[in-house]
Amino acid sequence: MTQDDKWNAIDDFIVETFLEEDPALEVAQAACDAAGLPKIQVAPLQGKLLMMLARALQARSILEVGTLGGYSTIWLARGLAEGGRVTTLELDPRHAEIAERNFENAGLADCVTVRVGSALESMAALHSESFGPFDLVFIDADKPSTPDYFDWAVKLARVGSLIVVDNVVREGAILAAQSDNKHIKGLRAFYARAAADPRVTATAFQTVGHKGHDGLAIVQVTQAP
Ligand code: SAH
Ligand code: DHB
Ligand code: MG
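Procedures and definitions
- Residues numbered from 1 in each chain as written.
- Chains lettered and ligands numbered in written order.
- Predicted model: local features only at pLDDT ≥ 70, side-chain atom pairs only at ≥ 80, totals over all residues.
- Heavy atoms only, no water.
- Helix = DSSP H or I, 4+ residues; strand = E, 2+ residues; numbered from the N terminus.
- Rg over C-alpha atoms; globule rule 2.2 N^0.38 Å.
- Buried < 20%, exposed > 50% of the residue type's maximum accessible area, 1.4 Å probe, protein only.
- Areas by Shrake-Rupley, 256 points an atom, 1.4 Å probe, with all protein chains shown as cover.
- Lys, Arg positive; Asp, Glu negative; His and termini not counted.
- Charge placed at Lys NZ, Arg CZ, Asp CG, Glu CD.
- Donors = N, O, S within 2.8 Å, 3.2 Å for Na, K, Ca; no water.
- Near = heavy atom within 4 Å.
- Polar contact = N/O pair within 3.5 Å; in protein donor to acceptor, adjacent residues only side chain to side chain.
- 1 Å grid on protein atoms, 1.4 Å probe; cavity = no way out; pocket = protein on both sides within 12 Å on 5 of 7 lines; lining within 4 Å.
- Sits in = over half its atoms within 2 Å of the grid points.
- Nonpolar A, V, L, I, M, F, W, Y, C, P; charged D, E, K, R; others polar.
- Disulfide = S-S within 2.5 Å.
- Pairing = 2+ DSSP bridges.
- Axes fitted to C-alpha atoms, helices over the stretch in contact; angles between N-to-C directions.
- Contact = heavy atoms within 4.5 Å.

Trainee: Which residues make up the overall build of the chain, and what are the values?
Mentor: Along the chain, the regular secondary structure elements total eight helices and seven strands. Taken over the C-alpha trace, the chain has a radius of gyration of 17 Å; the compact-globule value for 225 residues is 17 Å, and the two agree within 12%. In terms of its C-alpha atoms, the chain occupies a principal-axis envelope of roughly 45 × 45 × 30 Å. Classification of the 225 residues of the chain by burial places 47% in the buried group. Approximately 11,100 Å² of the chain is accessible, and the part contributed by carbon and sulfur atoms is 54%. When the 20 basic and 30 acidic side-chain charges of the chain are each reduced to a single mean position, those positions are 5 Å apart.

Pasting the structure below:
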């Protein structure tokens with residue numbers, strides 16, 4: 001067994017043990033595949049982690065940066081407290097349209113709002129509208145802007161909020177301190193900012209399995225933003 005086969009077999013084992021058949025998410029994913037969307041949604045076990053974090057926070061207000069077809073959004077929405085809402089930000093109107101249809105099919109249209117446009121502009125607008133504070137923010141859009149999304153996320157949060165950032169390992173590419181790759185530079189700048197920000201407490205972990213070697217950062221706002 002190669003190392004990859006082993007990680008995948010363990011991924012399968014955990015999925016078979018902890019995940020049930022999930023027709024709503026399967027239908028949503030099939031719609032994304034049929035529309036030709038890139039298969040870069042979070043892994044099922046990571047989606048479930050997002051749902052559980054939302055539940056642990058008794059989240060009434062969740063912000064997502066990067067909707068794609070709404071796969072991760074559906075997991076987040078499932079973790080909402082009664083009457084709660086997910087606001088999800090997406091640049092591509094075609095992605096947003098597919099996602100909206102998926103929310104309707106999943107019976108979640110009433111608790112999810114998609115804002116189409118540049119996430120940086122949407123976050124600035126949410127801030128100027130005094131929208132929030134968000135209990136949970138999931139950052140999963142274009143990687144070069146991750147440090148700026150992180151700054152806005154802190155501004156839009158409260159003490160105790162969690163900010164989750166996807167793709168923070170990229171098969172170890174983040175080790176390349178001198179990289180001119182804009183994605184890697186963005187992710188490294190996020191680490192540096194989170195580490196230097198006295199208002200937050202941060203950790204990150206590596207993940208393996210069918211989505212390859214990557215990682216998630218989890219940051220808690222511990223001082224008033
Ligand atoms: N969170 C999703 C995957 C998101 S993929 C899931 O796990 O199911 C990243 C998404 O970010 C893509 O749909 C892409 O169109 C969007 N995106 C890229 N740049 C953006 C920007 N500047 N503002 C908002 N969304 C952006
Ligand atoms: C890519 C983006 C993601 O958010 C992800 O989870 C995996 C891959 C990408 O752009 O390649
Ligand atoms: Mg991602």
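Read on, since the account is not over.
Trainee: Residues and numbers for the coordination of the magnesium ion (ligand 3), please.
Mentor: Bound to the magnesium ion (ligand 3) are the protein donor atoms Asp140 (OD), Asp166 (OD) and Asn167 (OD1), situated 2.0 to 2.2 Å from the metal. Read N to C, the donor residues that coordinate the magnesium ion (ligand 3) are spaced as D-x25-D-N. Of this pair, Asp140 sits in the loop between strand E4 (134-139) and helix H7 (146-155) while Asn167 is found in the loop between strand E5 (157-166) and helix H8 (182-196), placing the two residues 27 residues apart along the sequence. Asn167 shares its class with Asp140; the two are buried.

Trainee: Give me the lowdown on the site of ligand 1, citing residues and values where you can.
Mentor: In the vicinity of ligand 1 there are 21 residues, among which Gly66, Ser72, Glu90, His95 and Asp140 approach most closely. A distance of 2.9 Å is found between a nitrogen atom of ligand 1 and a backbone nitrogen or oxygen belonging to Gly66. The separation between an oxygen atom of ligand 1 and a polar side-chain atom of Glu90 is 2.6 Å. In the complex, the protein chains occlude 89% of the 580 Å² of accessible area that ligand 1 would expose alone. In a pocket analysis with a 2 Å cut-off to the grid points, ligand 1 is assigned to the largest pocket.

Trainee: Pulling in residues and values, what's your account of the site of ligand 2?
Mentor: Close contacts around ligand 2 come from Ile40, Asp140, Lys143, Asp166, Asn167, Arg170 and Lys211, and that covers them all. Asp140 is positioned such that a nitrogen or oxygen atom in its side chain is 2.8 Å from an oxygen atom of ligand 2. Contacts to ligand 2 include Asp166, whose side-chain N or O atom sits 3.1 Å from an oxygen atom. Per-class residue counts for the shell around ligand 2 are one nonpolar, one polar and five charged.

Trainee: Tell me about the environment of Glu64, and please be specific about residues and values.
Mentor: Along the chain, the position of Glu64 falls in strand E1 (residues 61-65). The class for Glu64 is buried, based on a relative accessible area of 0%. C-alpha separation for the pair Glu64 and Leu76, spaced twelve residues apart in sequence, amounts to 8.7 Å. In this structure the side chain of Glu64 is engaged in a polar contact, spanning 2.5 Å, whose partner is the side chain of Thr73.

Trainee: Give a description of the state of the cysteines that names residues and reports values.
Mentor: A full pass over the atoms with the stated rule returns zero disulfides. Cys32 supplies the cysteine sulfur nearest to Cys111, a cysteine that is in no disulfide, at a spacing of 17 Å.

Trainee: Can you tell me about the sheet that holds strand E3 (residues 112-116), naming the residues and giving the values?
Mentor: The strand order across the open sheet formed by seven strands is E3-E2-E1-E4-E5-E7-E6, and the pairing between neighbours is mixed. For this open sheet the edge positions go to E3 and strand E6 (200-207), each flanked by a neighbour on one side alone. Taking the axes of each pair of neighbouring strands and ignoring which way they run, one obtains an average angle of 15° across the sheet. As paired elements, strand E2 (residues 85-90) and E3 share five bridges and run parallel to each other. Considered in E3, the bridge of Leu89 is made with Arg115. On the sheet, H7 packs against E1, E4, E5, E6 and strand E7 (214-221) and is oriented at approximately 160° with respect to E5.

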